[in-house]
Amino acid sequence: MHTNYVFLLNADKSPLGMIHPARARELQDKKKAAVFRRYPYVLILRNQVNSVIKACILKIDPGSKWTGFAIQMGSSIILRMELEHRGEIIKLDLEKRAGFRRGRRSRNLRYRMERSGRRKKEGWLPPSLRHRLLTVETWIKRFMRYCPIITIEIEQVRFDTQKMNNPEIKGVEYQQGELMGYEVRQYLLEKWGNECTYCGVKNVPLEVEHVKPKSKGGSDRVSNLTLACHCCNQKKGDKDVSEFVSDKAKLDIILSQAKTPLKDAAAVNSTRFAIVETAKKLCDNVKCWTGGRTKFNRFKQGFEKSHSIDAACVGESGSNIKIKTQQPLIVVCKGHGSRQARRVNKYGFPAVQKAKAVFTHATAGDLVRVVLDSDRKNVTKGKYIARVKTPTKKAVEVVINGKRVEISSMKNVSFIQRSDGYAYSF
Ligand SMILES: [Zn+2]
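Quantities reported herein were computed from a predicted structural model and do not represent experimental measurements.

### Quick word on the sheet that holds strand β14 (residues 367-372)
Part 1: If you walk across this open sheet you meet the five strands as β17-β16-β15-β14-β18, and the pairing is antiparallel. Edge positions in the sheet fall to β17 (403-407) and β18 (413-417), since each of these pairs with one other strand and no more. Shown here is a sheet whose adjacent strand axes are inclined to one another by a mean of 45 degrees, direction ignored.

In structure tokens:
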């Protein structure tokens with residue numbers, strides 16, 4: 001088990017494929033390749049070669065807070081990455097801005113014309129979701145620039161909408177542990193809202209449960225299935241639902257919900273569909289899969305749950321994989337700061353005097369190597385890798401172990417990677 005494989009570029013910057021970290025070290029030691037980029041790690045050959053390109057598959061599991069990425073070559077997973085989105089921060093920022101505007105309007109009583117032409121365009125996504133789409137697009141482009149990717153596989157829906165089309169009417173052959181069983185489970189989770197039907201408990205493992213027990217002639221049809229916690233499932237046992245649930249009103253709700261098929265719209269997630277559409281523009285071969293299949297692959301191979309492992313398990317190609325990377329690259333979306341030129345105090349006056357412009361080349365978010373030549377209040381002297389917080393009059397202020405430290409001379413600072421709106425770690 002190793003860290004992620006390394007991207008290798010030919011001298012003309014065309015992607016050659018991914019190489020083992022040991023091979024990358026060898027190339028660097030022999031001065032045959034140089035570092036092109038640190039995160040993700042990309043090497044570039046000094047001399048152009050004619051070599052066979054090893055094609056790869058990019059696999060994506062898009063989520064609301066995290067998106068998992070994996071690159072597969074043959075049956076080996078050679079790169080894993082987990083991307084943390086900042087949708088919540090964007091939402092809060094926009095609410096804050098709306099608050100300021102509202103305040104301004106109630107202060108200023110002049111007449112304002114009604115604004116027109118503000119209808120939302122088709123395909124419009126709220127800014128927090130659009131951010132997710134755009135960052136995923138950025139990373140697809142980045143991977144395709146550094147790696148010969150011929151196929152993109154994406155988990156698009158939670159369960160197979162084709163096979164599950166009106167499952168209540170058609171009836172599906174359901175068997176625990178089979179692929180279809182996982183699809184049914186995902187369908188039921190969506191339908192019954194991720195909780196125990198009988199006691200309403202959440203965040204516990206749920207078991208598929210027959211409303212009318214099989215021993216009393218109940219079928220395996222989805223309309224006869226629900227989800228219950230282990231406790232309720234045991235207690236109910238062979239009883240019919242009418243014997244088990246004493247509350248008449250609750251019983252009626254359960255029986256009617258069991259008969260109502262899930263609306264098609266519930267299976268559609270606009271962001272995931274938009275991500276697939278974007279991927280199709282970037283790559284000729286895009287395959288879409290279900291969450292049921294991802295889970296099936298993960299359980300069958302006994303992998304632990306993580307965003308990048310889920311990405312690796314997406315699709316048919318995820319049914320038999322070898323994971324060759326110990327840890328995923330963690331990437332956090334940090335944004336590019338605000339357009340506000342100066343911080344203000346609570347009275348609206350500048351909180352800090354503007355620093356005299358000094359040409360330090362540094363901006364917030366740059367990753368730098370710093371040499372501390374003396375002990376500071378919270379940090380002992382030595383060499384550190386740190387993130388630039390803000391440029392100062394003399395040099396920069398960096399963050400070391402969560403503490404702000406001022407560096408007084410650019411002589412002690414060298415750049416590793418310029419700010420690109422993301423923070424990287426393992
Ligand atoms: Zn329960």
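### Side note on the packing of helix α2 (residues 87-107) against helix α3 (residues 127-146)
Part 1: Contact geometry for α2 and α3: axes closest at 8 Å, N-to-C directions at 145 degrees. Here α2 runs over α3; the crossing is right-handed. The residues of α3 that touch α2, namely those facing G87, I90 and L94, are P127, S128 and H131.
Part 2: When grouped by side-chain class, the residues that make up the contact of α2 with α3 number three nonpolar, three polar and no charged.

### Regarding the side chain of N4
Part 1: Of note, N4 is situated in the segment before β1 (6-9).
Part 2: A distance of 3.0 Å separates the side chain of N4 from the backbone nitrogen of R80, its partner in a polar contact.
Part 3: Beyond its immediate sequence surroundings of up to four residues, N4 is in contact with P21, I78, L79, R80, T325, Q327, L329 and F426.

### Looking at the packing of α3 against helix α10 (residues 270-282)
Part 1: Between α3 and α10, the shortest axis-to-axis distance is 10 Å and the interhelical angle comes to 30 degrees. On the basis of the axis angle, α3 is roughly parallel to α10. Where α3 crosses over α10, the two elements pack in a sense that is right-handed. Residues L129, R132, L133, V136, E137, I140, K141 and M144 of α3 lie in contact with α10, whose contacting residues are T271, A274, I275, T278, A279 and L282.

### Things to note about the domain arrangement of the protein
Part 1: According to the domain assignment, the protein consists of domain 1 (1-88 + 127-158 + 270-333), domain 2 (167-264) and domain 3 (337-419).
Part 2: Computed over C-alpha atoms, the centres of domain 1 and domain 3 are 32 Å apart.

### Let's talk about α10
Part 1: End to end, α10 covers 19 Å across 13 residues, agreeing with the expected 18 Å (1.5 Å per residue, within 8%).
Part 2: Every buried residue of α10 is accounted for by T271, R272, A274, I275, V276, T278 and A279.
Part 3: Tucked inside the fold, the buried residues of α10 contact β5 (56-61), α3, β8 (149-157) and β11 (286-290).

### A look at the environment of R185
Part 1: Along the chain, the position of R185 falls in helix α5 (residues 179-191).
Part 2: Remark: the alpha-carbon pair of R185 and A395, spanning 210 residues in sequence, is separated by 57 Å.
Part 3: Beyond its immediate stretch of four places on either side in the chain, R185 contacts L206, E207, V208 and L227.

Cut-offs and rules
- Residues numbered from 1 in each chain as written.
- Predicted model: local features only at pLDDT ≥ 70, side-chain atom pairs only at ≥ 80, totals over all residues.
- Heavy atoms only, no water.
- Pairing = 2+ DSSP bridges.
- Helix = DSSP H or I, 4+ residues; strand = E, 2+ residues; numbered from the N terminus.
- Axes fitted to C-alpha atoms, helices over the stretch in contact; angles between N-to-C directions.
- Left-handed = near helix turned anticlockwise from the far one by under 90°.
- Contact = heavy atoms within 4.5 Å.
- Nonpolar A, V, L, I, M, F, W, Y, C, P; charged D, E, K, R; others polar.
- Polar contact = N/O pair within 3.5 Å; in protein donor to acceptor, adjacent residues only side chain to side chain.
- Parallel < 35°, antiparallel > 145°, perpendicular 65-115°, else oblique.
- Domains from an automatic or database assignment.
- Expected span 1.5 Å × (residues − 1).
- Buried < 20%, exposed > 50% of the residue type's maximum accessible area, 1.4 Å probe, protein only.

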